[in-house]
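The primary structure of each chain is shown beneath.
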Amino acid sequence: MSATTAESTIEAPSGWARRIAGPVRHVLGLAGSVALTFLGLTCVTFVIGRVIPIDPVTAIVGEKASRTVYDRVFKELYLDRPIYEQYWLYLRKMLHGDFGNSLLTAHPVLSDLLHFFPATIELALPALVIGVCLGIPLGVLAATNRGRWPDQIVRFGSLLGYSIPVFWLGLVGLLILYAKLGWVDGPGRIDDAFDDIVPTVTGLITVDSLIAGEYETFWNAVSHLILPSSILGYYSLAYVARMTRSFMLSQLRQEYVLATLAKGLSPFRVVWIHALGNIWVQLVTVIALTFGGLLEGAVLTETVFAWPGLGLFMKNSLFVADLNAVVGGTMLIGVIYIVLNMLSDVVYTMVDPRARTRK
Amino acid sequence: MSGSPLRTGAPSGWRFWLLDPAPASRGQARLGRWYRAWLAFRRNGLAMTGLIIVAALVLAAIFAPILADHELAFHQVLEERLQDLSWLHPFGTDELGRDIYARVIFGSRVTLTIVGLVSIIVVPVGLAIGLPSGYFGGWIDAVLMRITDIFLAFPRLVLALAFAASLGPGIENAVIAISLTAWPPYARLARAETITRRNAEFIEAAQLQGASSLRILFTQIVPLCLPSVIIRLTLDMSGIILTAAGLGFLGLGAQPPMPEWGAMVSTGRQFLIDQWWVATIPGTAIFIVSLGFNLLGDGLRDVADSRSA
């Protein structure tokens, strides 16, 4: 009796250590690969910002800049040094969050990006919710009715999502729902009359107005938000439904489905509890990718809806050929993308024991 | 139109020859395989719709000067600006009095040029990265795949936008920017296909005969990769078209007076409420063409899947 307890006390830490070692090693490896990817990202933005433009200074200060400004920026970019040194200094600046100044606002690019980012989040989050809450059930429905009309409708609907230009759908939506029917409010985030009424807490107007108890402002913001975020939501729905369908089909082919059905479990339970339980880890990765796709769609959607977010900021910076802001925005989106991928990978290893033991 | 030949009773001469279960020559076997794939493809209505749309795009691009008046597409007639749809101008006119129907038809040339050039660049680049990566493995694989991952770490439109912003506006630069962002999936695909085949016996046989790695890659592996690469390319076409149109919409693609569909939508935005056709009709063209490529690609994939299954 005492021997067994002694044994178990000796074994316990090693068992615990063994259990934790796999994930720790995995996370460390992941951190390494994330760092490498980040380094590559800075390489790419360095090439975009400094190497490709024939005259990077003009690309940043514009053509109307005076000689002194030009010379100052020339020095600031270290263009008088060799290229590897330029990259090293560039990397150091990036790590300090220094993306240079924006031509449009004359503020540092990073503070601009952070200023405009909440508007993009406000647009992308409801879209993601729509995509996940409708996309997954529709995908499951399509898979369980393979080849019949629900499947055909979902497949064709998601194919449309892959084919319709998002800016065109936005314009058509504005034309019909705003100009002709007047069901929703038009471009912009909120009517001018409601501007600056609520104090900024989260940067999301809908949330801030609820906190402040300004329900009129809230409904106005919702009425502006609903069309652009539903349109973006449709695109994530198309992707999520398509992936769910194909994951689900591969699950339904497995023998355990047949076995559980044969044992008398209800088909509903088999599909929604057992099969869905097996694919939701894969779906986490899909959802992370969807969010990245939303940021991409936001550039065009924000342009169409004059939505003052990251995408519109980048588009307006493009218009005045402000490369600092464009590269900064690209960098921010790239970093978000990498972090999301890493997080989904971590979730994957935490939830799926097979991913821990592999390799 | 008669559907499957199995239902039409005794197949006539050339069909019988094509469907012969015991082909006499390698050529007959190959043609027969293609013919069977075509029969499977033809039964898929959506895929046929896709094929027809894509064929229509190609024909419109080739015969643009016959289908539409070049003069109407490019010549500005300010008295006729923003005309409503009519017999003379089936899709109305734009803010400079140019016929939108003619511009959409000539715009098909721009779209086809972009997708054509991008595919010519992207497939060889993807193969050049993916084949050695899969064939040699080891550190070559690690380095090449790390580079591929970095490019995959960006949303595509954003990266293309940054490249196009840095290269400057214009159709050539749009092609370069899109290509720079579109090659990674091909590298991944070529790598995966190579890995499944590199230990096959026919590769070993070639190695024993003293064939160089380069020769094996080009004569043995590339031909086997191509079908899946082509299917992937067809499915990717709509993404390429949408990215190109997005860049045009943001003012980074083809420059005026070139009739690029995305740029046409962008100029039409200011007249959206009163002259809806200026923005929506070129957008419809983008939508139909990209849908066509998606339907075609889906159909091709189904045929390929049923063959391998």
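Residues numbered from 1 in each chain as written. Chains lettered and ligands numbered in written order. Predicted model: local features only at pLDDT ≥ 70, side-chain atom pairs only at ≥ 80, totals over all residues.

1. Structural notes on the overall build of chain B
To keep it simple, the criterion reads: The helix count covers DSSP runs of H or I at least four residues long, the strand count covers runs of E at least two residues long, and both are numbered beginning at the N terminus. The burial label depends on the number of other C-beta atoms within 10 Å of a residue's C-beta. Counts of 20 or more mean buried, 12 or fewer mean exposed, and intermediate counts mean partly exposed, with C-beta atoms placed from the backbone. Residues are defined as contacting one another if the C-beta atoms placed from their backbone atoms lie within 7 Å.
Looking only at helices and strands, chain B has 14 helices and zero strands in total. In terms of overall dimensions, chain B has a C-alpha envelope of 75 × 60 × 25 Å along the principal axes. Counting across all 309 residues of chain B, residues that qualify as buried make up 44%. The contacts of chain B with a sequence gap of at least 6 include a subset with a gap of at least 24, amounting to 67%.

2. Some thoughts on the overall build of chain A
Across its full length, chain A carries 14 helices and zero strands. Taken from the N to the C terminus, the helices and strands of chain A come in the order α-α-α-α-α-α-α-α-α-α-α-α-α-α. Here the C-alpha coordinates of chain A stretch approximately 85 × 65 × 40 Å along the principal axes. The buried share of chain A, taken over its 359 residues, is 38%. Within chain A, counting contacts between residues at least 6 apart in sequence, those at least 24 apart form 70% of the total.

3. Describing the nonpolar core
In plain terms, the rule: As used here, a nonpolar core is made of buried Ala, Val, Leu, Ile, Met, Phe, Trp, Tyr and Cys residues. They are joined through C-beta atoms within 7 Å.
Counting residues in hydrophobic clusters, the biggest one holds 157 residues, and the most contacted among them are Leu161, Ala174 and Ile241 of chain B. The leading source of residues in this core is helix α6 (residues 100–136) of chain B, at 16 residues. Ignoring sequence-local partners within four residues, the contact set of Leu161 of chain B consists of Val299 of chain A together with Leu247, Leu250 and Leu252 of chain B.

4. Digging into the confidence of the model for chain A
Residue and element names in this part refer to chain A. To keep it simple, the criterion reads: Per residue, pLDDT captures the predictor's confidence, and it can take any value from 0 to 100.
Put simply, chain A has an average pLDDT of 81, and 90% of its residues get 70 or more. Confidence, read as mean pLDDT per element, is least for helix α14 (residues 353–357) in chain A (62) and greatest for helix α5 (residues 109–144) (91). Note that residues 1–12 has pLDDT below 50 and, in this model, zero contacts with residues that lie over four places away or in other chains.

5. Description of the packing of helix α11 (residues 267–305) of chain A against helix α13 (residues 323–351) of chain A
Residues and elements named next belong to chain A. The criterion, for reference: As a rule, the C-alpha atoms of each element are fitted with a line to give its axis, helices using only the stretch in contact, and angles between N-to-C directions run from 0 to 180 degrees. Working rule for angles: under 35 degrees goes down as roughly parallel, over 145 as roughly antiparallel, 65 to 115 as roughly perpendicular, anything else as oblique. Throughout this entry, Asp, Glu, Lys and Arg are counted as charged residues, while Ala, Val, Leu, Ile, Met, Phe, Trp, Tyr, Cys and Pro are counted as nonpolar. The remaining residues, Gly among them, count as polar.
Orientation of α11 relative to α13, taken along the N-to-C sense of each, is 170 degrees, at an axis distance of 9 Å. Here α11 is positioned roughly antiparallel relative to α13, judged by the angle of their axes. Across the interface between the two elements, Val281, Val284, Thr285, Ala288, Phe291, Gly292 and Leu295 of α11 pack against Ile333, Ile336, Tyr337, Leu340, Asn341, Leu343, Ser344, Val347, Tyr348 and Val351 of α13. The class makeup of the residues in the contact of α11 with α13 is 13 nonpolar, four polar and no charged.

6. What about helix α11 (residues 201–208) of chain B?
Little of α11 of chain B sits out of view: just zero of its eight residues are buried. Where α11 of chain B terminates, the next one or two residues include Gly210 of chain B, which has phi positive at roughly 90 degrees.

7. Description of the interface of chain A and chain B
With 39 residues of chain A in contact, the opposing surface of chain B contributes 37 residues. Among the elements of the structure, α1 (2–51), α6 (149–163), α7 (166–180), α11, α12 (310–319) and α13 of chain A are those that each provide at least two residues to the side of chain A that touches chain B. Of all the elements, α13 of chain A adds the most residues to the side of chain A that touches chain B, at eight residues. Of the residues assigned to the side of chain A that touches chain B, the class counts are 28 nonpolar, nine polar and two charged.

8. Some details on the packing of helix α3 (residues 45–62) of chain B against α6 of chain B
Helix packing geometry: the angle between the two helix axes and the distance between the axes. Residue and element names in this part refer to chain B. Axis separation between α3 and α6 bottoms out at 8 Å; the angle between their running directions is 110 degrees. On the basis of their axis angle, the class for α3 and α6 is roughly perpendicular. Seen from α3, the contacting residues are Leu57, Val58, Ala60 and Ala61; seen from α6, they are Ile105, Ser108, Arg109 and Leu112. Counted by class, the contact of α3 with α6 contains six nonpolar, one polar and one charged residues.

9. So, the environment of Leu175 of chain A
Mapped onto the elements, Leu175 of chain A comes out in helix α7. With 11 residues separating them in the primary sequence, Leu175 of chain A and Gly186 of chain A have C-alpha atoms 9.4 Å apart. The residues touching Leu175 of chain A, leaving out its near neighbours within four places in the chain, are Lys180 of chain A together with Leu272 and Trp276 of chain B.

10. Section: the environment of Gly262 of chain B
Residue and element names in this part refer to chain B. With respect to the element layout, Gly262 can be found in helix α13 (residues 261–268). On the neighbour-count criterion, Gly262 (31 C-beta atoms within 10 Å) is buried. Note: C-alpha distance between Gly262 and Leu242 (20 residues apart in sequence) is 8.6 Å. With near-sequence residues (within four places) excluded, Gly262 lies in contact with Ala244, Ala245, Gly246, Leu247, Gly248, Phe249, Gly253 and Ile286.

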